[in-house]
Amino acid sequence: MAQTVFEPWNDPDQEPLIQFRNVTKRFGDFTAIDNLSLDIFEREFFALLGPSGCGKTTMMRMLAGFEGVSEGAIYLSGKDIAPVPPNKRAVNMMFQSYALFPHLSVWDNIAFGLKRDRLPKKAIGDRVSEMLQLTRLEKFAHRKPHQISGGQRQRVALARSLAKAPKLLLLDEPLGALDKKLRQDTQFELMDIQEKTGTTFVIVTHDQEEAMTVASRVAVMDEGRLIQVDTPAQIYESPNSLYVADFIGDVNIIEGHAKKSGDGYDITFAEGQPVLHAKTSRDLGSAGKCYLAIRPEKVTVSAEKPEGRTNLVKGTILDIAYLGNLSTYHVKLASGQIIKAQTANTRRIARRDLTWEDEVWLSWTETAAVVLEV
Amino acid sequence: MRRLVLIAVPYLWLLTLFLIPFLIVLKISLSDTALSIPPYTPTLDLGAGWTGVKEFFAGLDFENFWFLTTDELYWKAYLSSLQIAFLSTIMTLIVGYPIAYGMAQAPDEWRPTLMLLVILPFWTSFLIRVYAWMGILSREGLLNQFLLWTGVIDAPVKILNTDTAVYIGIVYTYLPFMVLPIYATLEKLDESLLEAAEDLGCSRASAFWLVTVPLSKSGIIAGCFLVFIPALGEFVIPSLLGGSQTLMIGKVLWEEFFNNRDWPIASAVAVVLLLILIVPIILFQRNEQKQREAEG
Ligand SMILES: Nc1ncnc2c1ncn2[C@@H]1O[C@H](COP(=O)(O)OP(=O)(O)OP(=O)(O)O)[C@@H](O)[C@H]1O
Ligand SMILES: [Mg+2]
C-alpha cells in the first residue's frame with residue numbers, strides 16, 4: 001500500500017483549519033502584524049520562526065483570543081473567530097512566561113482546565129497523572145510553582161496546556177529552558193502526542209534545529225510579515241531570499257553578477273576568480289547583481305585539485321573549528337572572501353591531513369548553490 | 001556581631017516603646033485605688049530598701065481583674081466591641097475591595113492620583129473629620145436632607161448617636177487601611193494569569209474568583225487585621241457618633257480613667273483588651289511572614 005505523504009497544503013480540496021486573511025495588527029501606530037495571509041491545516045505541526053519582536057507571540061495571542069485583529073479576519077474551521085471569547089475557543093496556549101498559578105500546586109495547575117469542564121474526579125485524576133508522567137513531574141505534583149526549577153516550570157506549563165487535548169495547541173517557546181536531552185525527548189513526545197491525538201500544533205521557537213525536527217511546515221517571519229512558508233527541507237535547501245538563507249542554518253553568501261546561461265546562471269564574483277555556475281529554475285531577469293548561497297556541508301575540501309568540477313576555487317585554510325562529529329574549515333580565497341566548508345570526521349584527528357595555512361581546493365556541484373535576488 | 005546589633009535594634013525598640021509602658025500599666029492594674037497622686041497604691045519606695053520592695057509586691061493582687069468578671073458591663077462591652085469591630089471589618093472589606101480593584105485596573109498614569117485620593121483624608125485631623133460626620137449624620141444633616149429629597153423617607157430618621165453611625169464612622173476612617181494592602185497585592189497580579197485562566201475555560205467572573213481573589217488573599221488578610229485591631233479598641237468614634245447605648249470597651253476604658261479616676265480598673269480593662277488583641281496580632285504576623293516566604 002502506498003504511503004500517502006502528508007501535504008494538505010498542496011491539496012486544493014483541503015479546507016484549512018486556520019486561515020489568516022490579510023490580517024493586520026497595530027499597537028497604537030506600531031504595526032506588529034502586517035497584512036498577513038496564511039493557511040494552517042488540521043494535524044499540522046506548524047513552526048513560527050523569526051527574530052525577537054517579529055510578531056510571533058502576537059499571532060498566537062490573536063489565535064487564542066487575547067488580541068483582536070486591526071484589519072482582516074482569522075477563520076477557525078471556516079468560522080470567523082473574532083466574536084468568540086478565549087474561554088469558548090477549542091484552543092489552548094502555553095504562555096511564553098508560563099503563567100502558572102502561584103497559589104496552586106503543580107497538580108492543581110494541570111487540573112485547572114479539566115476542572116472547568118466539570119469532568120468527574122476520577123477522569124481528572126487520571127488525566128493529570130498521565131500528564132505528570134509525560135512531563136516527568138510526578139515527584140513534584142504537590143509543590144508550588146515557586147518551589148521548582150525553571151525547566152520544571154516550563155514542563156508544568158506544557159502539561160497544563162496539553163491536558164485538555166484541544167483541537168489547536170499554541171506553544172510559545174515551549175522547550176527553551178530545557179537541556180538538550182530533555183528537549184529532544186520532549187520534541188519526540190510532542191510529535192508522538194500529535195500523531196496520537198491529531199491535534200494541530202502551532203509552535204514558536206528560536207531554535208531552528210527544533211523547527212526542523214518537529215515541524216511539517218515552517219514559517220520564517222520578519223517585522224510582522226511572512227518571508228517564506230515551506231517544509232523544513234525546502235526552507236533549508238531552497239530559501240527564497242537572502243534573509244531566509246541567512247536565518248536558517250550556516251551559509252556562505254557570495255555576492256556576484258549573474259548572467260543567464262543554459263539551465264541556470266553564470267556568476268562572476270571577483271577579479272581573477274573563475275566563473276561559477278548554478279542551476280536554477282528561478283528567473284532573475286536577464287542579468288544583474290545576485291547572491292549565491294551555499295551551505296558549508298555542500299562544499300568539498302581537498303588538498304589536490306579535483307577533476308571535472310564546475311565550481312572550483314582555491315584558497316588557504318584560515319581556521320579549523322572542530323565540532324566533534326564535524327569540522328568546519330574557514331578558507332580564505334585570494335580575492336578575500338572567506339568560505340566555510342564542513343566535512344564529517346570519519347577519521348581520528350591525528351590522521352587528518354589538512355591543517356592551518358594549507359592551500360586547498362573548494363568545489364561544489366551545480367545544484368548545491370542557490371541563486372538569490374538582491 | 002553585626003547580626004547581633006541588627007537583631008538588638010528592633011528588640012530595644014519593642015522594649016522601650018511597648019514592654020516598659022505595658023509593664024507600668026500591668027503594675028497599675030494590680031494596684032488599689034487611692035485618693036492620692038498618683039491615684040493608686042502601692043508605689044515603689046526604693047528608699048526603704050529591701051523591705052520597701054517586699055511591701056510593694058505584697059500590695060499587688062488580681063482583685064481588679066476579679067472585679068471585671070463580677071460586673072456584666074465589662075464582658076458585655078468586650079463582646080459588643082468584638083462584634084462591632086468584626087462587622088465593620090467585613091463592611092470595610094466589601095467597600096474597600098472594589099476600590100482597590102478599580103485602582104489596580106486603572107491606567108498607569110492614573111494610579112498615583114487615585115492613591116493620593118485614598119490617603120488625602122489623612123491630611124486633615126481625624127477629630128475634625130469625625131465632627132464633619134456628625135454634621136452629615138445629624139437629624140438636619142446632609143444625609144437626611146438627601147434621603148428626604150430623593151423620597152426614600154418622608155421624615156428625618158435618627159442616624160447620629162446610633163450603632164449605624166458608629167459603623168459608618170469606622171468604615172470611613174479605616175477604609176485606606178483596607179484599600180492600600182489589597183491594592184498592593186492586586187497591582188502585582190500578573191495579567192497573563194487571568195488570560196491563562198480564560199484560556200483554560202474560565203469565564204471572566206470565575207477567573208476573578210479562582211485567580212484574583214486567592215492571589216490577593218494576603219492583602220485581604222492584612223487589610224482586615226489593620227482595620228479590626230484598632231477598631232476593637234476604638235473610642236473616639238463611639239463616643240462622638242454612637243449613642244448612650246453603644247457599648248464599646250474603648251469608651252468604658254476612657255470613662256473609668258477620666259470620669260471615675262479609677263486607674264487600676266481602667267488598667268485592668270486595658271490589659272485584658274491587649275490580651276484579646278494578641279491573638280489577631282500574632283495571626284497577622286503569621287500572614288505577613290507566610291507572604292514573605294511565598295514571595296521567596
Ligand atoms: N501590548 C502591546 N503594546 C504595544 N506593542 C506591543 C504589544 N505587544 C507586542 N508589541 C510589540 O509588537 C511586536 C511583536 O511582539 P511579539 O511579542 O509578538 O514578538 P515575538 O516575535 O513573540 O518576540 P520574542 O521572540 O521576543 O518573544 C514587538 O515589537 C512588541 O514590542
Ligand atoms: Mg514572543
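Residues numbered from 1 in each chain as written. Chains lettered and ligands numbered in written order. Predicted model: local features only at pLDDT ≥ 70, side-chain atom pairs only at ≥ 80, totals over all residues. Heavy atoms only, no water.

J.: Report on empty space enclosed by the protein, specifying residues and quantitative values.
T.: Residue and element names in this part refer to chain A. All told, the structure shown has two cavities of 30 Å³ or more when counted by the stated rule. As a volume, the largest cavity reaches approximately 100 Å³. Broken down by element, the lining of the largest cavity gets its largest block of residues, six residues, from helix 5 (residues 180-197). Taken together, the residues of the lining of the largest cavity break down into six nonpolar, two polar and four charged. (1 Å grid on protein atoms, 1.4 Å probe; cavity = no way out; pocket = protein on both sides within 12 Å on 5 of 7 lines; lining within 4 Å. Points joined across faces, edges and corners; volume = space filled by probe spheres on them. Helix = DSSP H or I, 4+ residues; strand = E, 2+ residues; numbered from the N terminus. Nonpolar A, V, L, I, M, F, W, Y, C, P; charged D, E, K, R; others polar.)

J.: Tell me what's going on with the interface of chain B and chain A, and back it up with residues and numbers.
T.: Contacts between chain B and chain A engage 17 residues on the former and 21 residues on the latter. Summed over both partners, the interface of chain B with chain A buries about 1,700 Å², with 62% contributed by carbon and sulfur atoms. Considering only the surface of chain B that becomes buried against chain A, Glu195(B), Asp199(B) and Leu200(B) emerge as the three largest contributors, covering 42% of it. In this structure, the connection of chain B to chain A is made through one salt bridge. A salt bridge links Arg61(A) to Glu195(B); its shortest N-O distance comes to 2.7 Å. If you look at where chain B meets chain A, you find seven residue pairs in polar contact (both at pLDDT 80 or more). Residue contributions to the side of chain B that touches chain A peak at seven residues, all from helix 9 (residues 191-199) of chain B. Of the residues belonging to the side of chain B that touches chain A, the class tally is 10 nonpolar, three polar and four charged. (Contact = heavy atoms within 4.5 Å. Buried area = accessible area lost by both parts, 1.4 Å probe. Salt bridge = Lys/Arg side-chain N within 4 Å of Asp/Glu carboxyl O. Polar contact = N/O pair within 3.5 Å; in protein donor to acceptor, adjacent residues only side chain to side chain.)

J.: Let's hear about the sheet that holds strand 17 (residues 326-333) of chain A: which residues, and what values?
T.: Residue and element names in this part refer to chain A. Taken in spatial order, the five strands line up as 15-19-16-17-18 in an open sheet, and their pairing is antiparallel. At either margin of the open sheet sits one strand with a lone partner, and together these are strand 15 (300-302) and strand 18 (338-344). Put simply, the sheet's adjacent strands are angled 45 degrees from each other on average, direction ignored. Across seven bridges, strand 16 (residues 311-322) lies against strand 17 in antiparallel orientation. Paired with glycine 315 across the two strands is leucine 333, which belongs to strand 17. (Pairing = 2+ DSSP bridges. Axes fitted to C-alpha atoms, helices over the stretch in contact; angles between N-to-C directions.)

J.: Quick one: what's the story with the confidence of the model for chain B, residue by residue and with numbers?
T.: Detailed reading of the predicted coordinates is not advisable wherever pLDDT is low. This prediction gives chain B a mean pLDDT of 90; 99% of its residues lie at or above 70. Confidence estimates for the predicted assembly give a pTM of 0.81 and an ipTM of 0.81. (pLDDT = per-residue confidence, 0-100.)

J.: Run through the coordination of the magnesium ion (ligand 2), naming residues and quoting values.
T.: Residues and elements named next belong to chain A. With distances of 1.9 to 2.3 Å, the protein atoms coordinating the magnesium ion (ligand 2) are Thr57 (OG1) and Gln96 (OE1). With threonine 57 in helix 1 (residues 56-64) and glutamine 96 in the loop between strand 6 (91-94) and helix 2 (106-116), this residue pair connects regions lying 39 residues apart in the sequence. Classification of threonine 57 by relative accessible area gives partly exposed; the value is 25%. Relative accessible area serves as the criterion here: at 39%, glutamine 96 is assigned to the partly exposed category. (Donors = N, O, S within 2.8 Å, 3.2 Å for Na, K, Ca; no water. Buried < 20%, exposed > 50% of the residue type's maximum accessible area, 1.4 Å probe, protein only.)

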